[in-house]
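In case you want the letters, here they are:
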Amino acid sequence: MARHFRLVSLSGAVLLGMSPLTLRAQQVVPAHQPPAPPPVHVIEETVVIVPQVRPRPHHDQRPLVHLSAVTASITIDEQVSSTTVELVLTNPAGVPQQAELLLPVPEGVSVRSLEYDGAGPEPTARLLARDEARRIYDSIVYRQRDPALLEFAGFNLIRTSVFPVPPGGTQRLRLTYEQLLPADGNRVDYVLPRSDSLEPSGVTWTISATIKSKSPISTVYSPSHDLATERVGPGHVIVKVPAVSAANPGSFRLSYLSEKSAPDGIAATFMAYPDPALAAGSGAAGAESGYFLLLAGLPARLPEDVAKVKREVVLVIDRSGSMRGQKIEQARAAAVQVVDGLEMGEAFNIIDYSDSIASFAEHPVVKSAETAESARRYIRALQANGGTNLHDAILEALRPEPTAGMLPMVLFLTDGLPTVGERSEVKIRDDVKAANKHARRIFTFGVGFDVNTPLLAGLARASRAASTFVLPEEDVEVKVSQVFRRLSGPILASPTITVLDAAGKATTRPVRQMLPGELPDLFDGDQLVLLGQYMCDAPVRFRLEGSYLGKARSFEFAFDPKSATTRNGYVPRLWATRKIAVLIDQIRQAGAEGGAAVRPGQTPSDPRMKELVDEIVRLSVQYGILTDYTAFLATEPGEGGRAPSPIAAAPGEASAQLSSKAAAKRSGKDSVNQELNLNSQSEQKVANARNLYLNEDLKEVTSTTCQQVNDRTMFKRSNRWVDARLLDRETEQPDRVVEFGTPEFSTLLDQLIKENRQGMLAVGGDILLAVNNQRVLVKCP
């Protein structure tokens, strides 16, 4: 007997990752066959489970089935993936209820199995192609006047038959589907479709993946979520998404890079996004242009006959009076850990300072059992007293010639502002730059709030290193050891990137604005994520050079601009995030000695400062990237007594924020918060869809009135969402109005599906879009 499916509305579906909603079901039956009566004591409702459509108000007070947990287990073997999605449904009612699953999936998926814990008929699963899936979506959307499903209108669809959920119990449904994954050279990509909606989820997500490859796996990367990776073997990696990151919105994207094209060195790949506006704005109209992401990974297993580069570590410890007590005890413990963590044959020294400078040795010494024990005794004898001569201490660390054949680095720790000797921030910064003739990496540690954060951060960034800030409740020893452990086994030191034309000659024309500007050293387990803009029609080559395992090496990677796709909308956002961080840091550094200060409400008189502020605002608006200086951009008109259009006054307000905070705040809690945000932005390689940042109280802040949808940005303005490209014209009459459910609406949806931008219609309510150089107001329920 043929099974008859139910076509149901979304007026309150229980949604994957969302809260339960009320739902009315309509049974679809042939005309010649009367509908069967509902079973006795069964609510004639069917709960539909759809991946992460945002919730709607719950008008029915009856307890309906709701989704409590989702576990996605992914196995990738070479280029074939198997995804098992386990759904845990709970029925709080005292009677059985029915449920049905609609699961949007990418192209090329095939259903392997559907498992079901419970009594009753075994449910079935059927894969529907995108045209048939579109008809189902349209039927649900138009019947219930709810556009939430339109985000998945371009996907295929797995649909199950109806299955019961027992009263007062739970039901587990496990659906497994397989797919031949797309590959780009030695990179394999996987996507688990999920919604971009920022509405909070009441469902616990667990995502993990096991990757196996015959070729060694160089690196695993996700632009959408943080990853915790465990390497089981050269070609076997286990990946888990931390719970906090799994709760973030957006499709889960995963890529792995094999070494089949780079068996003896560094493997790399490119992900690109096309943006013709870049070429038009630069006067290179007609050329391909856009943004690129270069992902490079180190070998999974180094040659057995090649030794890792040794390190020379100079540990500089603040022993001023403010370090007295627990802080000096933790600093001593951290110093011992560093000495113990060095390999025999590596070099080290210890410099301690207050108002005077002392050191363990005149020059760094090679670690042996004897020198290590002597260093431990020296460290245990350190006592805190006196002032802070920061300037002379760091210059002393930079003075000696580095140990031959080793990578020199400094771990510099302080808990206070300079109080003895040179105290000018500008002079200290300039003197350190001039003294660092041997290109030592200066890793800085600021303990507590009474430190000059822009100075410490600037010294670190200028030397290919990083700054770390130890908050009052944190342990100095733990923070230092975390950084030091990551610095084990330098593989590629002093890397540089050069772009080559078709003739193999260096050129700067096809590529610009690469970030980071100074590439970091790559240590064991690191990956390089380089972002930039391209303007070229023909393929170009990137040459990566540096000291690879102690020897000069170069590696070349080909980039073809024709590989760019709008599905890589995360690439320009990641670039813009890093660019904003660079611009803010320039204002922070210019604020030394009051160099960038202006009164609140005034614009900087320096044209360069105005240029920086204007560019920060432009990028924040275009890409929906909010910071603690531009959070006002997401404020709805009239809120908090603001002007009707916050965007209109954006440069002036941003200037005041950047002057009073970025330029003026050099120490204290507010200054530490700014550097923590900058560190996160300048190194960002994973999407920050919720615009999470730390405020001046070091509390996490997010925004739901600024939405990144597909490759566009939307701002909430009163009762409508506005395309960021139209914010300066949002009050003007639109060029045309499109009503929900009309043929014109379907035509617009078809166009957006082709552009991979259909999610812009799924935000609900009135939507002002820029389409074909027109301002289109879409009237949605």
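Residues numbered from 1 in each chain as written. Predicted model: local features only at pLDDT ≥ 70, side-chain atom pairs only at ≥ 80, totals over all residues. Heavy atoms only, no water.

> Can you walk me through the overall build of the chain in this structure?
Helix and strand counts for the chain stand at 14 helices and 41 strands. Taking all 781 residues of the chain together, the buried fraction comes to 54%. A fraction of 74% describes how many contacts in the chain between residues 6 or more apart in sequence connect residues 24 or more apart. Carbon together with sulfur atoms contributes 51% to the accessible area of the chain, which is approximately 31800 Å² in total. (Helix = DSSP H or I, 4+ residues; strand = E, 2+ residues; numbered from the N terminus. Buried < 20%, exposed > 50% of the residue type's maximum accessible area, 1.4 Å probe, protein only. Contact = heavy atoms within 4.5 Å. Areas by Shrake-Rupley, 256 points an atom, 1.4 Å probe, with all protein chains shown as cover.)

> I keep staring at the packing of aromatic side chains and nothing clicks. Help me out?
Remark: the centre distance and the inter-plane angle together describe each pair of aromatic rings, the angle taken between the planes. Tallying each qualifying case throughout the model produces 18 aromatic pairs. Ring geometry for Y548 against F555: centres 5.3 Å apart, planes inclined by 75°, an arrangement best described as edge-to-face. Each member of the pair Y548 and F555 is classed as buried. Joined through ring pairs, the aromatic side chains of F270, F292, Y534, F542 and F559 make up one cluster. Lying across the ring of W205, R194 places its NZ or CZ 4.3 Å from the centre. (Phe/Tyr/Trp six-rings, centres within 6.5 Å; stacked < 30°, edge-to-face > 60°. Lys NZ or Arg CZ within 6 Å of the ring centre and 35° of its normal.)

> Honestly, the nonpolar core in this entry has me stumped. Any pointers?
Inside soluble globular proteins, nonpolar side chains tend to come together where they are buried. Membership of the largest hydrophobic core comes to 48 residues, with the highest contact counts inside it found for L293, V571, I587 and L658. At the level of elements, β19 (267–274), β20 (289–297), β31 (527–535), α10 (570–590), α11 (607–623) and α12 (650–663) are the ones that each hand at least two residues to this core. For this core, the leading source of residues is α10, giving 10 residues. Leaving out residues up to four positions away in the same chain, L658 has contacts with I584, I587, V613, I616, Y629 and A663. In terms of nonpolar packing, the next biggest core, distinct from the first, is built from 42 residues, I49, V70, A209 and I217 among them. (Core = buried A, V, L, I, M, F, W, Y, C linked by side-chain atoms within 4.5 Å.)

> Honestly, the sheet that holds strand β16 (residues 228–233) in this entry has me stumped. Any pointers?
Hydrogen bonds along the backbone pair up the strands of a sheet, which may run parallel or antiparallel. As summarised here, the arrangement of the seven strands in space is β7-β11-β5-β4-β14-β17-β16, forming an open sheet in which the pairing is mixed. Lying at the two open borders of the sheet, with one neighbouring strand each, are β7 (109–116) and β16. The mean angle between the axes of side-by-side strands here comes to 15°, regardless of whether they run parallel or antiparallel. (Pairing = 2+ DSSP bridges. Axes fitted to C-alpha atoms, helices over the stretch in contact; angles between N-to-C directions.)

> Looking at this model, I keep getting lost on unusual backbone geometry. Mind explaining?
Excluding glycine, residues mostly carry a negative phi; peptide bonds, for their part, are mostly trans. P516 follows L515 through a cis peptide bond whose omega is 5°. Note that P516 resides in the loop between β29 (511–515) and β30 (522–523). Not every positive phi belongs to a glycine, and E78 is a case in point at roughly 60°. Mapped onto the secondary structure, E78 falls in the loop between β4 (66–77) and β5 (80–90). Here the phi dihedral of N773 falls at roughly 65°; this positive angle occurs in a residue that is not glycine. Within the fold, N773 resides in the loop between β40 (766–771) and β41 (774–779). Given the relative accessible area of 84%, N773 is considered exposed.

> Mind showing me how you'd approach the pattern of salt bridges here?
Enumeration over the complete set of coordinates arrives at 46 salt bridges. The partner of D117 in a salt bridge is R174, and the shortest N-O contact between them spans 2.9 Å. With D117 in the loop between β7 and β8 (125–128) and R174 in strand β11 (residues 170–180), this residue pair connects regions lying 57 residues apart in the sequence. With relative accessibility at 18%, the residue R174 sits in the buried group. (Salt bridge = Lys/Arg side-chain N within 4 Å of Asp/Glu carboxyl O.)

> What is the right way to read the environment of R130 from this model?
Within the secondary structure, R130 is located in helix α1 (residues 130–144). Taking relative accessible area as the criterion, R130 reaches 38% and is therefore assigned partly exposed. Along the backbone, R130 and F155 are 25 residues apart, and their C-alpha atoms lie at a distance of 5.4 Å. Among residues more than four places away in sequence, those in contact with R130 are E107, G154, F155 and N156. A polar atom in the side chain of R130 sits 2.8 Å from the side chain of E107. (Polar contact = N/O pair within 3.5 Å; in protein donor to acceptor, adjacent residues only side chain to side chain.)

> Explain the side chain of T444 here, please?
Within the fold, T444 resides in strand β26 (residues 441–447). Overall, T444 belongs to the buried group, its relative accessible area being 0%. Aside from chain neighbours lying at most four places away, what touches T444 is F412, L456, A457, L459, A460, A466, S467 and T468.

> Could you clarify how one ought to interpret the packing of helix α6 (residues 390–398) against helix α7 (residues 425–435) in this entry?
The packing of two helices is summarised by the inter-axis angle and the distance between the axes. α7 packs onto α6 with a crossing angle of 10° between their chain directions and a minimal axis gap of 10 Å. With respect to α7, the element α6 is oriented roughly parallel. Residues L390, H391, I394, L395 and L398 of α6 lie in contact with α7, whose contacting residues are I428, D431, V432 and A435. When the residues that make up the contact of α6 with α7 are grouped by side-chain class, the tally is seven nonpolar, one polar and one charged. (Parallel < 35°, antiparallel > 145°, perpendicular 65-115°, else oblique. Nonpolar A, V, L, I, M, F, W, Y, C, P; charged D, E, K, R; others polar.)

> How do you make sense of the pairing of strand β13 (residues 187–192) when you look at a structure like this?
Taken together, the two bridges between strand β12 (residues 183–184) and β13 define a ladder with antiparallel strand orientation. Directly across from D184, in β13, lies its bridge partner R187. Where β12 folds back onto β13 in an antiparallel hairpin, the turn is made up of two residues, including G185, whose phi is positive at roughly 65°. Where β13 meets strand β18 (residues 252–258), six bridges bridge the pair, whose relative direction is antiparallel. Looking at the pairing, V191 lines up with R253 of β18.

> Which parts of the structure should I look at to understand the side chain of K661?
Turning to its location among the elements, K661 is positioned in helix α12. Sequence-distant contacts of K661, that is, excluding residues within four places in its chain, are made with R588, D628, Y629, D670, Q674 and E696.

> Where do I start with α1 in this structure?
Spacing of three or four residues puts side chains on the same side of an α-helix, whose turn is 3.6 residues. Taking 1.5 Å of rise per residue, 15 residues should cover 21 Å, and α1 covers 21 Å from first to last C-alpha, within 8% of that figure. When α1 is considered as a whole, its buried residues turn out to be A133, R134, I136, Y137, D138, S139, I140 and V141. Immediately beyond the C-terminal end of α1, within one or two residues, lies R145, with a positive phi of roughly 50°. (Expected span 1.5 Å × (residues − 1).)

> Teacher, can you tell me more about the packing of helix α8 (residues 453–461) against α10 here?
Look at α8 against α10: their axes get within 10 Å of each other, and the N-to-C directions meet at 120°. When the axis of α8 is compared with that of α10, the two are oblique. Between α8 and α10 lies a crossing whose hand is left-handed. On the side of α8, the interface is formed by T453, P454, G458 and R461, while α10 contributes D585, R588 and Q589. Classifying every residue of the contact of α8 with α10 gives one nonpolar, three polar and three charged. (Left-handed = near helix turned anticlockwise from the far one by under 90°.)

> What exactly am I supposed to notice about the sheet that holds strand β38 (residues 720–723) here?
If you trace the six strands from one edge of the open sheet to the other, you get β36-β37-β38-β40-β41-β39, paired in mixed fashion. Of all strands in the sheet, those with a lone pairing partner are β36 (706–709) and β39 (736–739), marking the two edges. The average angle at which neighbouring strand axes cross in this sheet is 25°, direction not considered. The pairing of β38 with β40 spans three bridges and is classified as parallel. The partner of R720 across the bridge, within β40, is D766. Packed onto the sheet, α11 meets β36 and β37 (712–717) and runs at close to 90° relative to β37. In the packing of helix α14 (residues 743–754) onto the sheet, the strands contacted are β39, β40 and β41, and the crossing angle to β39 comes to about 100°.

Read these as geometric descriptors, not functional statements.
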